[in-house]
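Letter by letter, the chains look like this.
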Amino acid sequence: MAPPGPEGGRAAAGAMAPGKKITARIKRTLPVKGPQAPTLSELMRWYCLNTNTHGCRRIVVSRGRLRRFIWILLTLSAVGLILWQCAELLMNYYSASVSVTVQFQKLPFPAVTICNINPYKYSSMKDYLSELDKETKKALETFYGFSEGKSKVRRSVDEWNSTGSDFFKQIPLLKFEDFSKTATDLRSGQKRKIEGSVFHKDSSIVNSGDSNDIIGFQLCDANNSSECALYTFSSGVNAIQEWYKLHYMNIMAQIPLETKEKLSYSADDLLLTCFFDGLSCDKRHFTRFHHPLHGNCYTFNSGENGTILSTSTGGSEYGLQVVLYIDEADYNPFLVTSTGAKIIVHDQNEYPFIEDIGTEIETAAATSIGMHFTRSRKLSKPYSDCTETGADIPVENLYNKSYSLQICLHSCFQKAMVDSCGCAQYAQPLPAGAEYCNYKKNPNWMYCYYRLHEKFVKEQLGCQQICKDACSFKEWALTTSIAQWPSTVSEDWMLRVLSWDKGQKINKKLNKTDLANLMVFYKDLNERFISENPANTLVILLSNFGGQLGLWMSCSVVCVIEIVEVFFIDSLSIVMRRQWQKAKKWWNDRKRDRLGKPPQAGDLERQGHDNPVCIDEDLPTFNTALRLPLPQDNPLPRTPPPNYSTLRLETAFTEQLPDTLEVGQH
């Protein structure tokens, strides 16, 4: 059956309902756009011009290949980021399952440094300390009236003065009454007026016989006798012990290191038994290092050979267990007043500051030390003022260990000591090219040291301002418990067995006051990690900006880029172009005035392509053309309006689409 002709179509249209006639006429006369576009290119162009997606519209309306390429690149990048983030969100959503994982891990066992409280065997040190001990006993006999533990009547000052002493010539002991500025020299018996700053070091230890008697000593500048500092103690015990330590450091500073190592305790002397993680250990698992104040100390699991021991089970049976031989009878009676050992738990790369944070353990007791391991990590600048490696601290590390605040403070003080006093303090490592202080070579060092230490405590040296905390560090929190050891019922056989084990080295039966039992172990294998994280990151900042822009302006990143392009790049381009046109016009007018030529009709301000109305990214339209100013000279006649009866409406396509045809009658 042949399709109906034009006349047949009109007849069919006449038979249609009025509404369908109007619809068919609109489809036949109006250009078809949008989803009904015949080609993909026209469909994409329609979408880009009518969508709210800014990037797609900018691709179509942008002028110039470079700008259009940039917008294509930005739009595709945004699409790629959206796909990536959506994929991540989907993966996280579908992976939100619950699982229970049980892990058994091994924790690295820390280094444990053990020192005898008595640094050197008194029997080996008597030759070096005989004169000092002799003068100390005389001071006790004169002031307290006893000698070798037996009370006696106080000796007269003249009797003591007849013996003579180089120690009291250097630092005389003085007795004060009622905190007056007048003191009695215990060596000469003469009263003298004391000038200088008074530093009273009070103590709760029992005072001397008369409550009004205060003992101290005076330190003066060797170069200026009027510059003196007076140190007083309300306890004679503290005064004599402090005076003894000053002379003791002078003597020890003159003894070579190799000799001091021989005078101190060996590993065989200190260690009786050793167990770790249920297995036997011996002195080969300990590393010796010499501490100036504590003599030979021994570090278990130092990692010096590259191996660090670990434990897989918590509890006292799987930690370190050692029995120490203290040998109380060989203690220096004036240097130390307590019996036992000192230990410190630390990392293998840390220096053991046993004199600052060491833990003392008793004799005739079993000391159990349970540990909890914590690793901490702080953020450096700008979040805190910590340092990563200490390389940014202008203080030389004298300890050859990883940086810590204590290392920095001690190194800073030692450097100030060398610079100010000309020698190094005995309790700290030697800087390069320096030597320890002694009053034979440095007679002024004691006064200088005390003055410098006073400034250090008052934070006047600047060390506390220079030194910073480390950003990362390890810490073992210790819980200590003590029990009587050995028990009364087991004391006899244990001491016999230990004496037999030690019998090849000593010729006496051990006493329980000579022994100390130490156990160091993990209470559990839970490692606590404390770290600082920034509360505001770049991602959070951008998210907050995006949330505010999306909430109040329905704007995205591409929209922001579009705003930057229009209000900054394009606006700047327009301003610069207008300034350039003004400058060019001024130059042409000036040139024309010089030549005396009249203005030409083709000046820049009358040219249509330079007219501000025509400067737009969009193509010119009929309305914009009507707003163009007319030339002042020789106005051109306007075109009369068209005869609307002569207009012909044409469709947007060469052929009429099938769905716009009228339905024929059959």
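Quick caveat, the model's predicted, so the values are computed rather than measured. (Residues numbered from 1 in each chain as written. Predicted model: local features only at pLDDT ≥ 70, side-chain atom pairs only at ≥ 80, totals over all residues. Heavy atoms only, no water.)

A. Summary view of the state of the cysteines. A full pass over the atoms with the stated rule returns seven disulfides. The disulfide partner of Cys386 is Cys471, and the S-S distance across this bridge is 2.0 Å. Looking down the S-S bond of the Cys386 and Cys471 bridge, the torsion is 95°, so its handedness is right-handed. Of this pair, Cys386 sits in the loop between β19 (365-377) and α13 (405-421) while Cys471 is found in the loop between α15 (463-466) and β20 (472-484), placing the two residues 85 residues apart along the sequence. The exposure classification of Cys386 matches that of Cys471, with both residues buried. Disulfide partner of Cys423: Cys437, at an S-S distance of 1.8 Å. (Disulfide = S-S within 2.5 Å. Helix = DSSP H or I, 4+ residues; strand = E, 2+ residues; numbered from the N terminus. Buried < 20%, exposed > 50% of the residue type's maximum accessible area, 1.4 Å probe, protein only.)

B. Region of the structure containing a positive patch on the surface. Residues Arg63, Arg577, Arg578 and Lys582 make up a contiguous surface patch of positive charge. With respect to the element layout, Arg578 can be found in helix α18 (residues 557-595). Its relative accessible area of 45% is what places Arg578 among the partly exposed residues. (Patch = residues over 30% accessible without salt bridge, like charges linked within 9 Å, V, L, I, M, F, W, Y side chains within 5 Å. Areas by Shrake-Rupley, 256 points an atom, 1.4 Å probe, with all protein chains shown as cover. Salt bridge = Lys/Arg side-chain N within 4 Å of Asp/Glu carboxyl O. Lys, Arg positive; Asp, Glu negative; His and termini not counted. Charge placed at Lys NZ, Arg CZ, Asp CG, Glu CD.)

C. Expanded view of the packing of helix α6 (residues 122-144) against helix α9 (residues 236-252). At a minimum axis separation of 11 Å, α6 and α9 run at an interaxial angle of 160°. Here α6 is positioned roughly antiparallel relative to α9, judged by the angle of their axes. Crossing of α6 against α9: the hand is right-handed. Along the contact surface, α6 presents Met125, Tyr128, Leu129, Leu132, Asp133, Glu135, Thr136, Leu140 and Tyr144, while α9 presents Gly236, Val237, Ile240, Trp243, Tyr244, His247, Tyr248, Ile251 and Met252. (Axes fitted to C-alpha atoms, helices over the stretch in contact; angles between N-to-C directions. Parallel < 35°, antiparallel > 145°, perpendicular 65-115°, else oblique. Left-handed = near helix turned anticlockwise from the far one by under 90°. Contact = heavy atoms within 4.5 Å.)

D. A look at the packing of α13 against helix α14 (residues 445-457). Following both chains from N to C, one finds α13 and α14 inclined at 140°, their axes separated by 10 Å at the closest point. With respect to each other, α13 and α14 are oriented oblique. Considering the relative orientation of α13 and α14, their crossing is right-handed. Together, Leu409, Phe413, Ala416, Met417, Ser420 and Cys421 of α13 and Trp445, Cys448, Tyr449, Leu452, His453 and Phe456 of α14 make up the contact between the two elements. Class assignment of the residues belonging to the contact of α13 with α14 gives a composition of ten nonpolar, two polar and no charged. (Nonpolar A, V, L, I, M, F, W, Y, C, P; charged D, E, K, R; others polar.)

E. Structural detail: the sheet that holds strand β2 (residues 111-116). Across the sheet, which stays open at both edges, the five strands sit in the order β13-β14-β2-β17-β18 with antiparallel pairing between neighbours. The open sheet has two edge strands with one neighbour each: β13 (286-291) and β18 (359-361). In this sheet, neighbouring strand axes are inclined to one another by 30° on average, regardless of whether the strands run parallel or antiparallel. Here β2 runs beside strand β17 (residues 341-346); their pairing, made up of six bridges, is antiparallel. For Asn116, the partnering residue across the bridge sits in β17 and is Ala341. (Pairing = 2+ DSSP bridges.)

F. The confidence of the model for the protein chain, seen in detail. Averaged over all residues, the pLDDT of the protein chain equals 77, while 71% of them reach at least 70. The weakest mean pLDDT in the protein chain belongs to helix α7 (residues 157-161) at 39; the strongest belongs to β2 at 96. Confidence drops under pLDDT 50 across residues 149-164; counting only partners more than four residues distant or on other chains, this segment forms 34 contacts. Low confidence marks residues 604-610, where pLDDT is under 50. Its contacts with residues over four positions away, or in another chain, come to eleven contacts. (pLDDT = per-residue confidence, 0-100.)

G. View of the pairing of strand β14 (residues 295-300). Here β14 lies mainly inside the structure; six of its six residues are buried. Taken together, the four bridges between β2 and β14 define a ladder with antiparallel strand orientation. Within β14, the residue paired with Cys115 across the bridge is Cys297. Bridging between β13 and β14 involves six bridges; their strand directions are antiparallel. Each residue of the ladder has a partner; that of Phe289, found in β14, is Cys297. Between β13 and β14, which follow one another and run antiparallel, lie three residues.

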